[in-house]
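Structural overview for review
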Amino acid sequence: MLSVDELEDKLIELAFAEDIGDGDHTTLCCIPDDAMGKSHLLIKENGILAGVEMAKKVFAKFDSTLKVEVLINDGTPVKIGDIAMIVSGKTRSLLQTERLMLNIMQRMSGIATMTNKYVKLLEGTRTHVLDTRKTTPGLRMLEKQAVKIGGGMNHRIGLFDMILLKDNHVDFAGGIESAIDRCHAYLKEKGLDLKIEIEVRNFDELQRVLNHGGVDRVMFDNFSVPDTKKAVDLVAGRIETESSGGITFDTIRGYAEQGVDFISVGALTHSVKGLDMSFKAC
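To start, this report covers the structure provided alongside it.

About the criteria used
Residues numbered from 1 in each chain as written. Predicted model: local features only at pLDDT ≥ 70, side-chain atom pairs only at ≥ 80, totals over all residues. Heavy atoms only, no water. Helix = DSSP H or I, 4+ residues; strand = E, 2+ residues; numbered from the N terminus. Buried < 20%, exposed > 50% of the residue type's maximum accessible area, 1.4 Å probe, protein only. Contact = heavy atoms within 4.5 Å. Core = buried A, V, L, I, M, F, W, Y, C linked by side-chain atoms within 4.5 Å. Expected span 1.5 Å × (residues − 1). Bend = angle between axes of the 7 residues up to and from the residue. Salt bridge = Lys/Arg side-chain N within 4 Å of Asp/Glu carboxyl O. Axes fitted to C-alpha atoms, helices over the stretch in contact; angles between N-to-C directions. Parallel < 35°, antiparallel > 145°, perpendicular 65-115°, else oblique. Left-handed = near helix turned anticlockwise from the far one by under 90°. Phe/Tyr/Trp six-rings, centres within 6.5 Å; stacked < 30°, edge-to-face > 60°. Lys NZ or Arg CZ within 6 Å of the ring centre and 35° of its normal. Pairing = 2+ DSSP bridges. Right-handed = clockwise from strand over helix to strand, strands pointing away.

Once that is clear, we can look at the overall build of the protein chain. For the protein chain, the count of helices and strands is 11 helices and 12 strands. When the backbone C-alpha atoms are referred to their principal axes, the protein chain occupies close to 75 × 40 × 25 Å. Across the 282 residues in the protein chain, those meeting the buried criterion constitute 46%. Within the protein chain, contacts between residues at least 6 apart in sequence are counted, and of these 69% link residues at least 24 apart.

Put into structure tokens, the structure is as follows:
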């Protein structure tokens, strides 16, 4: 399995390949090879900054002679007019790295900003905000980093680091008990130590999970707020609890107040707006 650094390197290589192709002919035709310059990252919208460390990797990967002066670090609140970093070096390199750096930082900052709004909304409760696998293909590591920068927590990264028995798994496996038992047999056979979560759709399924045991967390799928309270009381702290499905910014506080441990929110990554910023010569 590729490491996070290896995945990020491959992402940068692919992004440059699709953007520059056989050459940035606009830059090459009008900027001399020996021209030197300086650009700064201008923040044009209030939010939470994210992607600074990844931006540094982009610059270093393309041109190791570029000098990056970071003025504002990841996770810091920013406002319109702030200068987050200054980059100096070959003008051609500044122009050719501009769009990839901005695409990454705008996306990550938008996710961090959205996540931070959810986190602040739940202040005073015991509930943590989780992301999901509803991410942009190829960008998952960056998007999940952005969630953490914004104060949220990562659910599983992919299909490899946690067991999540969803409704289709349960139905195809022949029921809750069978799915859980097969899961344990598989983990033992493979010598794996992974947490097990199971999704339930109603109180009958929840009771069957509690009676059978063998899981670390239960997910209440599309439960109402009153039913969430009832479900949390039924679990009584024996295992972790998570709410998911149809929960919005306007309703999430109500779910958190019922005592659930986690709430997963797909909107953190699947429909977020990028934070506005630009990379300007200075």
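The next thing to look at is unusual backbone geometry. Positive phi, close to 60°, is recorded for Asn 222, a residue that is not glycine. Examined against the element boundaries, Asn 222 turns out to sit in the loop between strand E9 (217-221) and helix H9 (225-235). The residue Ala 236 is not glycine, and still its phi comes out positive at about 55°. As for its position among the elements, Ala 236 is in the loop between H9 and strand E10 (240-244).

Within the largest apolar cluster, 52 residues are counted, with the highest numbers of intra-cluster contacts made by Ile 198, Leu 206, Val 218, Phe 220 and Ile 263. Once you skip the residues sitting within four places of it in the chain, Leu 206 turns out to touch Val 200, Val 218, Phe 220, Ala 231, Leu 234 and Val 235. Grouped together as the second largest cluster of nonpolar side chains are 19 residues, Ala 84, Met 85, Met 101 and Leu 102 included.

This part is about the side chain of His 40. Position of His 40 among the secondary structure elements: in strand E1 (residues 36-43). Take His 40: its relative accessible area is 19%, and that puts it in the buried class. Excluding residues within four positions of it along the chain, His 40 makes contact with Ile 83, Met 85, Ile 86, Ser 278, Phe 279, Lys 280 and Cys 282.

Another aspect to go through is helix H4 (residues 91-121). Over its 31 residues, H4 extends 44 Å from the first C-alpha to the last, a length consistent with the 45 Å expected when each residue adds 1.5 Å. Largest kink in H4: about 40°, centred on Glu 98.

This part takes up the pattern of salt bridges. Within the structure shown, the criterion is met by 19 salt bridges. As a salt-bridge pair, Glu 45 and Lys 273 come within 2.9 Å of each other at their nearest N and O atoms. With Glu 45 in the loop between E1 and strand E2 (47-48) and Lys 273 in the loop between helix H11 (267-270) and strand E12 (277-281), this pair connects stretches of sequence that are 228 residues apart. Taking the relative accessible area as the measure of exposure, Glu 45 reaches 25% and is therefore partly exposed. For Glu 240, the salt bridge identified is with Arg 217, shortest N-O distance 3.0 Å. One end of the pair, Glu 240, is in strand E10; the other, Arg 217, is in strand E9, with 23 residues separating them in the sequence. Look at Arg 217 and you get buried, because its relative accessible area is 9%.

For the pair H4 and helix H5 (residues 140-149), interaxial distance at closest approach is 7 Å and the crossing angle is 40°. Regarding the angle of H4 to H5, the classification is oblique. Crossing geometry of H4 relative to H5 is assigned as right-handed. Two secondary-structure elements touch here, H4 through Ile 104, Arg 107, Met 108, Ile 111, Ala 112 and Thr 115 and H5 through Leu 142, Glu 143, Gln 145, Ala 146, Val 147 and Ile 149.

A complete count under the given rule lists five aromatic pairs for this structure. Taken together, the aromatic side chains of Phe 203, Phe 220 and Phe 223 make up a single cluster linked through ring pairs. The ring of Phe 262 carries the charged tip of Arg 217 above its face, separated from the ring centre by 4.1 Å. Sitting over the face of the ring of Phe 203, Lys 230 holds its NZ or CZ atom 4.4 Å from the ring centroid.

The next subject is the pairing of E9. For a regular strand, side-chain orientation follows a simple rule: the groups alternate between the two sheet faces. Among the five residues in E9, five count as buried, and that is most of the element. Both strand E8 (residues 196-200) and E9 contribute to a ladder of four bridges, which runs parallel. Within the sheet, the bridge partner assigned to Glu 199 lies in E9 and is Met 219. For the crossover from E8 across helix H8 (residues 203-212) to E9, the handedness is right-handed. Handedness of the β-α-β unit built from E9, H9 and E10 comes out right-handed.

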